[in-house]
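Listed here are the chains, written in short residue letters.
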Amino acid sequence: MAVFSDKEKYTVIIDVFLFLATFLLFYGVYYLSRGMTVPFSLTDEPRITLDPLYLPYYAGRSALRIFIAFFFSLLFSLLYGYIAAKNPTARRIMIPLLDILQSIPVLGFLSATILMFINLFPHRLTGVEIASIFAIFTSMAWNMTFSVYQSILAEPGDLQEAADVLHMNGWQRFLHLDAPVSAIGLVWNGMMSFGGAWFFLAASEAISVMGQNIQLPGVGTYLAVATTEGDFTAMFYAVITMFILIVLIDQLFWRPLVVWSRKFKIELSESGQQPSSWLYEALQRSWLMNCLVKNIILFPCRAVNKAINFFADAVASFQQRLARDKKKHVVDGVIKGVLLLAAVYFLFPLLQSTLSNISEIKVGDIENAVVLGLYTLLRVLAALTIGLLWTLPLGVAIGLRPNLSEKMQPVIQIISAFPANMIFPFVTIIFLKYHLDFEFGSVFLMMLGTQWYILFNVIAGAMSIPNDLLEAAAVFHITGWRRWRYVILPSIFPHLLTGLITASGGAWNASIISEIVIWKDQPLIAQGLGAYVSQATTAGNWPQIIIGIMIMCLFVIMANRLIWQKLYDLAESQFHIE
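Residues numbered from 1 in each chain as written. Predicted model: local features only at pLDDT ≥ 70, side-chain atom pairs only at ≥ 80, totals over all residues. Heavy atoms only, no water.

**What about the overall build of the chain?**
What counts here: Numbering goes from the N terminus for both helices and strands, where a helix is a DSSP run of H or I of at least four residues and a strand is a run of E of at least two. Using a 1.4 Å probe on the protein chains alone, a residue whose accessible area is under 20% of its type maximum counts as buried, one over 50% counts as exposed, and one in between counts as partly exposed. Contacts are assigned to residue pairs with any non-hydrogen atoms lying within 4.5 Å of each other. Using a 1.4 Å probe, the Shrake-Rupley method yields the accessible areas, and only the shown protein chains count as cover for residues.
Looking only at helices and strands, the chain features 22 helices and 4 strands. Every one of the 578 residues in the chain was classed for burial, and the buried ones make up 48%. When contacts within the chain are restricted to residue pairs at least 6 apart in sequence, those whose partners lie at least 24 apart make up 82%. Looking at the chain as shown, the accessible area adds up to about 28800 Å², and 69% of this sits on carbon and sulfur atoms.

**What about the nonpolar core?**
For the record, the criterion: Working definition of a nonpolar core: buried Ala, Val, Leu, Ile, Met, Phe, Trp, Tyr and Cys residues. They are joined through side-chain atoms within 4.5 Å. Here the bounds of each domain stem from an automatic or database domain assignment.
By size, the foremost hydrophobic cluster in this structure holds 124 residues, and its most contacted members are I66, V128, M140, W188, F194, W198 and I492. Looking at which element gives the most residues to this core, the answer is helix α18 (residues 438-463), with 15 residues. A domain-level breakdown of this core finds at least three residues from each of domain 1 (36-266) and domain 4 (360-577). Those residues in contact with I492 that lie beyond four places of it in its chain are L392, V396, V458, G461, A462 and I465.

**Focus: the packing of helix α2 (residues 55-86) against helix α10 (residues 219-229)**
So the rule is basically this: For helices, the axis comes from a line fit to the C-alpha atoms of the stretch in contact; other axes are also lines fit to C-alpha atoms, and the angle between any two N-to-C directions lies between 0 and 180 degrees. Each angle is binned into one of four classes, with values under 35 degrees roughly parallel, values over 145 roughly antiparallel, values of 65 to 115 roughly perpendicular, and all other values oblique. Note on residue categories: nonpolar means Ala, Val, Leu, Ile, Met, Phe, Trp, Tyr, Cys or Pro, charged means Asp, Glu, Lys or Arg, and polar means any other residue, Gly included.
The N-to-C vectors of α2 and α10 enclose an angle of 125 degrees; their axes lie 7 Å apart at closest approach. As far as their axial angle goes, α10 and α2 are oblique. Across the interface between the two elements, L55, Y58, A59 and S62 of α2 pack against V219, G220 and Y222 of α10. Considering only residue class, the contact of α2 with α10 consists of 5 nonpolar, 2 polar and no charged.

**Thoughts on the pattern of salt bridges**
Here is the rule we go by: The working definition used for a salt bridge is a side-chain nitrogen of Lys or Arg within 4 Å of a carboxyl oxygen of Asp or Glu.
Counted under the stated rule, the structure contains 7 salt bridges. Across the salt bridge formed by E129 and R61, the nearest N and O atoms sit 2.5 Å from each other. Here E129 is found in helix α5 (residues 126-138), whereas its partner R61 is found in helix α2, with 68 residues between them in sequence. For E129, a relative accessible area of 2% gives the class buried. The exposure class of R61 is buried, given its relative accessible area of 1%. Of the charged contacts, one joins R65 and E129 as a salt bridge, the two residues approaching to 2.6 Å between their closest N and O atoms. Of the two residues, R65 is situated in helix α2 and E129 in helix α5; the sequence distance between them amounts to 64 residues. Considered together, R65 and E129 belong to a single accessibility category, that of buried residues.

**Examining the packing of helix α6 (residues 141-153) against helix α8 (residues 170-199)**
Cut-off, in case you're wondering: Handedness of a crossing is defined here by the sense of rotation of the near helix relative to the far one, left-handed for an anticlockwise turn of less than a right angle and right-handed for a clockwise turn.
In contact at an axis separation of 8 Å, α6 and α8 are set at 155 degrees when each is read in the N-to-C sense. Classified by the angle their axes make, α6 and α8 are roughly antiparallel. Two packed elements cross with a definite hand, and for α6 against α8 that hand is right-handed. Here α6 contributes N143, M144, S147, V148, S151 and I152 to the contact with α8, which in turn contributes D178, V181, S182, G185, L186, N189, G190, M192 and S193. A breakdown of the residues in the contact of α6 with α8 according to their chemical character gives 6 nonpolar, 8 polar and 1 charged.

**What about the packing of aromatic side chains?**
Our working definition: Aromatic rings from Phe, Tyr and Trp, with only the six-membered ring used for Trp, were paired whenever their centres fell within 6.5 Å, and each pair was classed as stacked if the ring planes differed by under 30 degrees, edge-to-face if by over 60, and tilted otherwise.
Applying the stated rule across the entire model yields 28 aromatic pairs. With a centroid separation of 5.7 Å and an interplanar angle of 55 degrees, the aromatic rings of W188 and F456 are classed as tilted. Taken together, the residues W188 in helix α8 and F456 in helix α18 connect sequence positions 268 residues apart. Like W188, the residue F456 is buried in the burial classification. Here the aromatic residues Y27, Y30, Y31, Y54, Y57, Y58 and Y222 are joined through ring pairs into a cluster of three or more.

**A short note on unusual backbone geometry**
Residue H123 is not a glycine yet carries a positive backbone phi of 65 degrees. Mapped onto the elements of the fold, H123 is located in the loop between α4 (106-120) and α5. Not every positive phi belongs to a glycine, and H477 is a case in point at roughly 55 degrees. The exposure class of H477 is exposed, given its relative accessible area of 64%.

**Digging into the confidence of the model for the chain**
Rules: Per-residue confidence from the predictor is reported as pLDDT, which spans 0 to 100.
Chain-level pLDDT for the chain is 80 on average; 85% of the residues reach the 70-or-more range. Mean pLDDT across the elements of the chain bottoms out in helix α14 (residues 328-358) (63) and peaks in α2 (93).

Right, dumping it as structure tokens:
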């Protein structure tokens, strides 16, 4: 007589597998995090060996940095995007500021923070690790924040009215309306942010700032050292390691999240085809996981939810009392004043240092930077246009066909997450061998790192189109171009806009890598602001770093005021599902 049925045996196997995997995960995090706190000094830096046996350890260190940065990016995007979407006054400041932040190159953030973090943790590698994680954070957070902001603005009006009728407080609206509405776009933009993190991994780990060369253990540093030494074998090992790592993260992390996020799609009728994930199904069947959720995880979550609910009710009651007493504007003014003073207090040292360096800037440097900015602007526009031509039709096809999404999503995730700058050395060899014009070739390199922003947002937008809307279009025989014009393009327009904005900022950011590439000691340099900032950062020339970043921010602000803000207003007023 059998003790266990086949189904029970399968469940036991799943539980054993999950238990071992969880143990290995926690032990791996513990082991890898120990290396982040070892002694460190600028005269005794970590050294990178090209022995392939070290690659699994380097891959683990890189993945840990990216996941830590992703966690803080998620928190930041939810908080920042929520405030910007809900508060019109704050929005006028926060969205242009977000445009500026996403345009500042990763090397710009590193230049401003690396010494500060090293001084916070003297004689320890922790400061350098935090600086690297912060740099990775700056390559992830802005894209996710725009996604949350756009999703909340595009919330269906009937759901907002339902929340009002149910007298939901701010926390309840966020938990049951704002967060679910943002889920699909946030998952797909999170994938894209991971791709952006891999893209800037080498710049974040192999740090060359203010004349100091600091190499953190990681795949990005391994590739940078291999490229500098011209070691093709080591470069091949790095590419294979990165490929394996990306496939594992896709299958163990992103694929289950894509399947889970489908439950938040707003529709009256469900599509017949749904994406699937072997890990998601295993987690649902697991007795161990169900016990863990019910007996351990739910209790603290409910306690936190109850505490936040109590606080949200108190805040709502206080605001109503202020509104009755007509004192709300006074309290708002006090809060704004306190925030302004806090900002001045924390930013004053940085502003003082910046002003002292600005005094060394010459008029000729400004004129040169503006001209170089125009060159980079043309490359950004070319990269956006070329990327849009192929990502729009492909993204819609994937988003509207779950069976195609299931097949293509892992492929796209792997290709987009694979750092385009890993193939830059090979491209550099081709340009050097055949004497090709790098002024145009840098557009191709820039596009490799930015086109995915558009694709992933288009996929998220197409996946968010209610199935009943598509069925109505089919009933009325709306096909071909009419279907694109009256159903697809209006439905995905807010997501497409978010993709274009983040791709634009990403293109400006990617210019520091795509306008200057080096193979051994042979550089290829395209005239542009990215190459200007990159060379200034390597040389530790603060006046040029500042003027380069300021001119870059000026171009982004002009684009925001003249183009993006008007399109956002159009998306909010006309292109969202009621």
